[in-house]
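Structural features, examined
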Amino acid sequence: MPNKPLSFVILASGTGSNARALIEHAKGNPARFEAKALISDRDGIPALEMARELGVPGYVVNHRDENALLDLLKKLKPDWAFLAGYKRIVGKAFLDFFADAALGTARVLNVHPSLLPAYPGLGGYERAFKDGVKSSGVTVHFVDAGLDTGPVVLSESFARDEKDDLESFTAKGRKIEHRLYREALELAAAGKLGRKK
Ligand code: GRF
C-alpha cells in the first residue's frame, strides 16, 4: 500500500509566491502531497485569491482567535503547516497541535529572507541591502515560540552583485526561497527533515 499523501496547510498574509510554489508542487504530485488550505489573518490578499484559483480552499481567521484557528485545524487534520509570509507569531495551541515527539519540535516550518540568525523579523532583504552586505541568503527553519528562532533545516546564500538594486537582490532571494521550500516539502514527505548539522 502506498503511503498516504503528506497533507499540509499554508499560512500567508500577502503575495503568496511561496504559497504558490508549494501548492503547484503539491498539485503536480497528488499521490505524495495534499495542500488542504491556505489560511490568512486578513481578507482580500493575493495569496487567498491564488489558492482559490488553484483549487485550494482559503480561510480567513483572526490571529487573536486561537480557538477558531484550532477548530479549523481539527476539521482539516493537516500533518504539517508551512508559514509563507505569515506576518504573525503563531501561538502555543497552534504549535501544540503540530507537536511531534520524534522530531522534538512542531511540524511547522517557515521560510525566512535572510541567513538566520541575521535579520530576524520583517524586511530581511531590505535591511540587508541597506546595510550594504556582500551576500545574503534564505533560511527554512522549524517554528518555535520565538521570532525566527527555531532550528534551521535548510539554508542557502547568494551574492550581491554591484549592479543589483533592491528589486534584483530580492528576486534572487525569492527564487531560492521557492526552491528550498519545495525541497523542505519533499524532505518532510520522505521523513528526512531534521535539524541542519
Ligand atoms: C518571503 O520573503 C518570505 O521569506 C517572508 O515573507 C515573504 C513572503 O513572500 N517570510 P510571498 O508572500 O511568499 O511572496
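Just so it is clear, the structure is predicted and the values come from calculations on it, not from any experiment. (Residues numbered from 1 in each chain as written. Predicted model: local features only at pLDDT ≥ 70, side-chain atom pairs only at ≥ 80, totals over all residues. Heavy atoms only, no water.)

As for unusual backbone geometry
A cis geometry characterises the amide bond from Leu116 onward to Pro117, with omega recorded as 15°. As for its placement among the helices and strands, Pro117 is situated in the loop between β7 (108-112) and α5 (124-130). Although it is not a glycine, Lys77 sits at a positive phi angle of roughly 50°. Examined against the element boundaries, Lys77 turns out to sit in the loop between α3 (66-76) and β4 (80-83). Of the residues examined, Lys77 reaches a relative accessible area of 58% and is grouped as exposed. The phi angle at Asp148 is positive, at roughly 60°, despite the residue not being glycine. Inspection of the secondary structure puts Asp148 in the loop between β8 (135-142) and β9 (152-159). (Helix = DSSP H or I, 4+ residues; strand = E, 2+ residues; numbered from the N terminus. Buried < 20%, exposed > 50% of the residue type's maximum accessible area, 1.4 Å probe, protein only.)

Considering the site of the ligand
Thr15, Gly16, Ser17, Asn18, Gly85, Val111, His112, Pro113, Arg174 and Glu177 make up every residue found near the ligand. Note that an oxygen atom of the ligand is positioned 2.9 Å from one of the backbone N or O atoms of Asn18. In this structure, an oxygen atom belonging to the ligand sits 2.8 Å away from a side-chain N or O atom of Glu177. Starting from 370 Å² of accessible surface for the ligand in isolation, the protein chains cover 85%. In this structure the site holding the ligand corresponds to the largest pocket. Those elements that provide at least two residues to the shell around the ligand are α1 (17-28), β7 and α6 (166-189). Looking at the shell around the ligand residue by residue, the classes come out as 2 nonpolar, 6 polar and 2 charged. (Near = heavy atom within 4 Å. Polar contact = N/O pair within 3.5 Å; in protein donor to acceptor, adjacent residues only side chain to side chain. Areas by Shrake-Rupley, 256 points an atom, 1.4 Å probe, with all protein chains shown as cover. 1 Å grid on protein atoms, 1.4 Å probe; cavity = no way out; pocket = protein on both sides within 12 Å on 5 of 7 lines; lining within 4 Å. Sits in = over half its atoms within 2 Å of the grid points. Nonpolar A, V, L, I, M, F, W, Y, C, P; charged D, E, K, R; others polar.)

So, the layout of surface pockets
As a volume, the largest pocket reaches approximately 750 Å³. Elements represented by at least two residues in the lining of the largest pocket include exactly α1, β7, α5 and α6. Along the lines of polarity and charge, the residues of the lining of the largest pocket split into 11 nonpolar, 16 polar and 7 charged. (Points joined across faces, edges and corners; volume = space filled by probe spheres on them.)

Observations concerning the environment of Ser7
If you trace the backbone, Ser7 turns up in strand β1 (residues 6-12). For Ser7, a relative accessible area of 2% gives the class buried. Expressed as a C-alpha distance, the spacing of Ser7 and Ala84, which sit 77 residues apart in the sequence, is 16 Å. Ignoring any residue separated from it by four or fewer positions in sequence, one finds Ser7 in contact with Glu34, Lys36, Lys77, Pro78, Asp79 and Trp80. (Contact = heavy atoms within 4.5 Å.)

Details of the nonpolar core
With 40 residues, the main nonpolar core has Phe8, Leu38, Trp80, Leu109, Val140 and Tyr181 as its most contacted residues. One finds Ala37, Tyr86, Phe94 and Ala106 within the second-largest nonpolar core, a separate group that totals 20 residues. (Core = buried A, V, L, I, M, F, W, Y, C linked by side-chain atoms within 4.5 Å.)

Focus on the side chain of Glu177
Counting through the fold element by element, Glu177 comes out in helix α6. Here Tyr125 takes part through its side chain, which lies 2.5 Å from a polar atom of the side chain of Glu177.

Digging into α3
Of the positions making up α3, those classed as buried are Leu69, Leu70, Leu72, Leu73 and Leu76. The buried residues of α3 occupy an angular sector of 160° when projected down its axis, which confines them to one face. Set apart from the buried face of α3 by more than 90 degrees, the exposed residues are Asn67 and Lys75. Those residues of α3 hidden inside the fold are in contact with β1, β2 (33-40), β3 (58-60) and α4 (92-97). Backbone geometry just downstream of α3 places Lys77 in the positive-phi region, at approximately 50°. (Arc of directions from axis to C-beta.)

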